[in-house]
Amino acid sequence: MAWASWVLVGLLMLAGLAGTVLPVIPGHLLIFLGAAANKWLNPEQSMSWGGLILMLLLLVLAYVVDFLSGALGAKLFGGSKWAFWGVLLGGLVGLFFGLPGLIIGPLAGAFVFEVLFAKKRFTAATKSTVGTAVGTTVGLGARLLIGVGMVVWFVADVFYL
């Protein structure tokens with residue numbers, strides 16, 4: 001039974017790592033569920049409760065980074081509050097259109113909100129949209145680092161601490 005639990009945990013962790021960069025897979029949640037499954041299925045060799053709480057905090061951090069990265073990128077590139085809200089609304093609408101929607105939604109939202117509500121010209125609105133793309137890309141890198149950190153913390157906590 002112990003080997004089966006380790007296989008399950010390993011598969012959840014690997015799928016979770018893939019999900020940190022693939023938007024349709026809830027990567028960080030799968031990594032956390034792998035750690036929790038290990039704690040439940042294999043209590044004699046599992047994470048400490050403190051380690052599991054740290055994993056939960058990293059899970060929340062990953063979702064915060066994911067939610068705000070594009071909007072903060074738009075803001076840093078001169079976007080108005082409208083660009084911020086356009087990114088958030090575009091991202092929510094994009095969820096219903098799969099991978100293309102998750103990429104195009106925040107970009108289109110920033111651009112449309114800058115033109116329609118902030119009354120910016122094409123060039124200024126485009127700059128905000130580029131900021132959204134930069135922020136989203138930086139956020140993707142940060143989410144990947146958080147996911148790798150979660151897996152490394154799991155291995156360290158279980159086998160070395």
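A. Representation of the overall build of the chain. Scanning the chain for helices and strands turns up 6 helices and 0 strands. With respect to the three principal axes, the spread of C-alpha positions in the chain is 60 × 30 × 15 Å. The burial tally for the chain puts 39% of its 161 residues in the buried class. A separation of at least 24 residues holds for 62% of the contacts in the chain among residues at least 6 apart in sequence. Of the roughly 9,000 Å² of accessible surface on the chain, a fraction of 81% belongs to carbon and sulfur atoms. For the chain, the distance from the average site of its 8 positive side-chain charges to the average site of its 4 negative ones is 24 Å.

B. A look at the nonpolar core. Grouped together as the largest cluster of nonpolar side chains are 19 residues, with contacts concentrated most on Met 13, Ala 35, Met 47, Met 55, Met 150 and Phe 154. Broken down by secondary-structure element, the contributors of at least two residues to this core are α1 (2-19), α2 (27-41), α3 (49-76) and α6 (122-159). The next biggest cluster of nonpolar side chains, apart from the first, holds 7 residues, and it includes Ala 74, Ala 83, Val 87 and Ala 110.

C. How the structure looks around helix α5 (residues 98-116). The first and last C-alpha atoms of α5 sit 25 Å apart over 19 residues, in line with the 27 Å expected at 1.5 Å per residue. The axis of α5 is deflected most strongly, by about 35°, at Ile 104, and proline Pro 106 appears within four residues downstream. Residues of α5 that are buried: Gly 101, Gly 105, Pro 106, Gly 109, Ala 110, Phe 113 and Glu 114.

D. Looking closely at the pattern of salt bridges. Applying the stated rule across the entire model yields 2 salt bridges. The partner of Glu 114 in a salt bridge is Lys 120, with the nearest N and O atoms 3.0 Å apart. On the accessibility criterion, Glu 114 (0% relative accessible area) is buried.

E. Local environment of the packing of aromatic side chains. All told, the structure shown has 7 aromatic pairs when counted by the stated rule. Taking 6.4 Å as the distance between ring centres and 45° as the angle between the ring planes, the aromatic pair formed by Trp 82 and Phe 113 counts as tilted. Highlighted residues: Trp 82 in helix α4 (residues 81-94) and Phe 113 in helix α5, separated in sequence by 31 residues. Judged by its relative accessible area of 31%, Trp 82 falls in the partly exposed class. A centroid spacing of 5.6 Å and a plane angle of 75° characterise the contact between Phe 111 and Phe 122, whose relative ring orientation is edge-to-face.

Parameters and conventions
Residues numbered from 1 in each chain as written. Predicted model: local features only at pLDDT ≥ 70, side-chain atom pairs only at ≥ 80, totals over all residues. Heavy atoms only, no water. Helix = DSSP H or I, 4+ residues; strand = E, 2+ residues; numbered from the N terminus. Buried < 20%, exposed > 50% of the residue type's maximum accessible area, 1.4 Å probe, protein only. Contact = heavy atoms within 4.5 Å. Areas by Shrake-Rupley, 256 points an atom, 1.4 Å probe, with all protein chains shown as cover. Lys, Arg positive; Asp, Glu negative; His and termini not counted. Charge placed at Lys NZ, Arg CZ, Asp CG, Glu CD. Core = buried A, V, L, I, M, F, W, Y, C linked by side-chain atoms within 4.5 Å. Expected span 1.5 Å × (residues − 1). Bend = angle between axes of the 7 residues up to and from the residue. Salt bridge = Lys/Arg side-chain N within 4 Å of Asp/Glu carboxyl O. Phe/Tyr/Trp six-rings, centres within 6.5 Å; stacked < 30°, edge-to-face > 60°.

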